[in-house]
Amino acid sequence: MTDKSANAMWGGRFAAGPDAIMEAINASIGFDQRMASQDIAGSRAHAAMLGATGIVDTKDVDAIREGLLTVLSEIEAGDFAFSTALEDIHMNVEARLKEVIGEPAGRLHTGRSRNDQVATDFKLWVRDQLDAADGALVSLIGALLEQAEAGAAWVMPGFTHLQTAQPVTWGHHMMAYVEMFGRDLSRVRDARTRMNESPLGAAALAGTSFPIDRHMTAEALGFDRPAANSLDAVSDRDFALEFLNVASICAMHLSRFAEELVIWSSAQFRFVTLSDRFSTGSSIMPQKKNPDAAELIRAKVGRIFGANTALMMVMKGLPLAYSKDMQEDKEQVFDAADNWMLALAAMDGMVRDMTANRAHLAAAAGSGFSTATDLADWLVRVLGLPFRDAHHITGSLVALAEQQGCDLPDLTLDQMKSAHDGITDSVFDVLGVENSVASRTSYGGTAPDQVRTQIARWKDLLS
């Protein structure tokens, strides 16, 4: 086979042949340059430790640390020329450092490996994303609390199977999402605590013979402690997997809420009006106002779930310690983080801007025989009937109301008595939706006072 035909097999993109293909598959600088600030922070901490322990001369350490700041400023200003030939962010930074300060740059890598370096960089990056998610979730919960407080007593239908079930309040429904996102917030904080161990100093896989101080570098980088096993430190990606797990659960919650907003903003429901900032028009139908932001949030969950599955598949068969497969850990996490943060911000904006249409909520709250359970409860509480008997009697009255084309409160007392002679006028006190929600006073129930109690609890928790 001629060189020309070999190159044709590789394709136009890799006209230089196998060397170009190997460079392309081996390089990660196209995406891991996002970790530049974390890489330089880790290197500056490592250099300071090398100086403090006497492993590297103080003069060289000062040059290294100052030179790294110069490199960082070039990257942040967009003046840094990244090289695929240098493979990754670590080698790109080190090569530029040598150009800036000369021979002392070669001493920076003493007592460490790219294996512990990349684990440290990636963990620092993920930790930053968890901190960002923490702030975004606190803000979103705050927006939901504002909605809940405004509508703590506004009645609306509660649903099961997307069928009218019992009346609830707008505030109660908003607080359901506060609880969901509150669990997400606790998972973010738990994950951050669990991951906060430093891999730096584990070196390639076995530690190092240099008298390094891993506690010093861990403290400098904000870690609680150094990781206790060097094999695990360089091969662990649980922190990235847990980040994706947390993001996936939260994205699922965002998607559920987005689905409700899509339904609620439709002409058939008209429960909410979304602001123009988070809606779009139709190219052909002038009357349309599409909930595009909610729909896109609903779709983001697929990308985040996919990232979670992809990284699980990368890690599932890897023996200890480091394998090059683990270079495939970052793009999924980067993409998931971008989409999670965007979805959180969009949902926060939609919640703050949306208007609950109280009249439509109230009208819908009383439809679909939503107070049937209140009638059954009244039969048990006042007449002392077994609940199964009360359920049967209520079902017969619902059927009667359907035949009459009316709702339960519209039946006459005589019609009520046709199902059970013991029914009295006082039954009508429980058939109004306002009375129904007011009666649900059990802890965590939809009664306005209970809703306000939960709002106050969450305000205390967040403060």
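Residues numbered from 1 in each chain as written. Predicted model: local features only at pLDDT ≥ 70, side-chain atom pairs only at ≥ 80, totals over all residues. Heavy atoms only, no water.

Trainee: Where do I start with the pairing of strand E1 (residues 155-160) in this structure?
Mentor: For a regular strand, the rule is simple: side chains alternate between the two faces of the sheet. Of the strand pairs in this sheet, E1 and strand E2 (residues 163-169) are connected by five bridges, and their pairing is antiparallel. Looking at the pairing, Met156 lines up with Val168 of E2. Between E1 and E2, which follow one another and run antiparallel, lie two residues, and His161 among them has a positive phi close to 60°. (Pairing = 2+ DSSP bridges. Helix = DSSP H or I, 4+ residues; strand = E, 2+ residues; numbered from the N terminus.)

Trainee: Which parts of the structure should I look at to understand the layout of surface pockets?
Mentor: The space that makes up the largest pocket amounts to roughly 440 Å³. Top contributing element to the lining of the largest pocket by residue count: helix H8 (residues 170-195), with seven residues. Here the residues of the lining of the largest pocket are counted per class, giving eight nonpolar, nine polar and three charged. (1 Å grid on protein atoms, 1.4 Å probe; cavity = no way out; pocket = protein on both sides within 12 Å on 5 of 7 lines; lining within 4 Å. Points joined across faces, edges and corners; volume = space filled by probe spheres on them. Nonpolar A, V, L, I, M, F, W, Y, C, P; charged D, E, K, R; others polar.)

Trainee: What is the right way to read the packing of helix H5 (residues 58-76) against helix H6 (residues 89-101) from this model?
Mentor: Each packed pair of helices is defined by two parameters, the angle between the axes and the distance between the axes. Packing of H5 against H6 brings their axes to within 9 Å, and their N-to-C directions diverge by 115°. As the angle between them shows, H5 and H6 are arranged roughly perpendicular. The way H5 lies across H6 gives a crossing that is right-handed. Within the contact between the two elements, H5 uses Ala63, Ile64, Gly67, Leu68, Thr70, Val71, Glu74 and Ile75 and H6 uses Val93, Arg96, Leu97, Val100 and Ile101. For the contact of H5 with H6, a count of residues per class yields nine nonpolar, two polar and two charged. (Axes fitted to C-alpha atoms, helices over the stretch in contact; angles between N-to-C directions. Parallel < 35°, antiparallel > 145°, perpendicular 65-115°, else oblique. Left-handed = near helix turned anticlockwise from the far one by under 90°. Contact = heavy atoms within 4.5 Å.)

Trainee: Would you explain the pattern of salt bridges in this entry?
Mentor: Side-chain pairing between opposite charges can occur once the charged atoms of the two side chains come close. With the rule as written, the count across this model stands at 24 salt bridges. A salt bridge links Glu197 to Arg225; the shortest N-O distance between them is 3.4 Å. Of this pair, Glu197 sits in strand E3 (residues 197-198) while Arg225 is found in strand E4 (residues 225-226), placing the two residues 28 residues apart along the sequence. Judged by its relative accessible area of 40%, Arg225 falls in the partly exposed class. (Salt bridge = Lys/Arg side-chain N within 4 Å of Asp/Glu carboxyl O. Buried < 20%, exposed > 50% of the residue type's maximum accessible area, 1.4 Å probe, protein only.)

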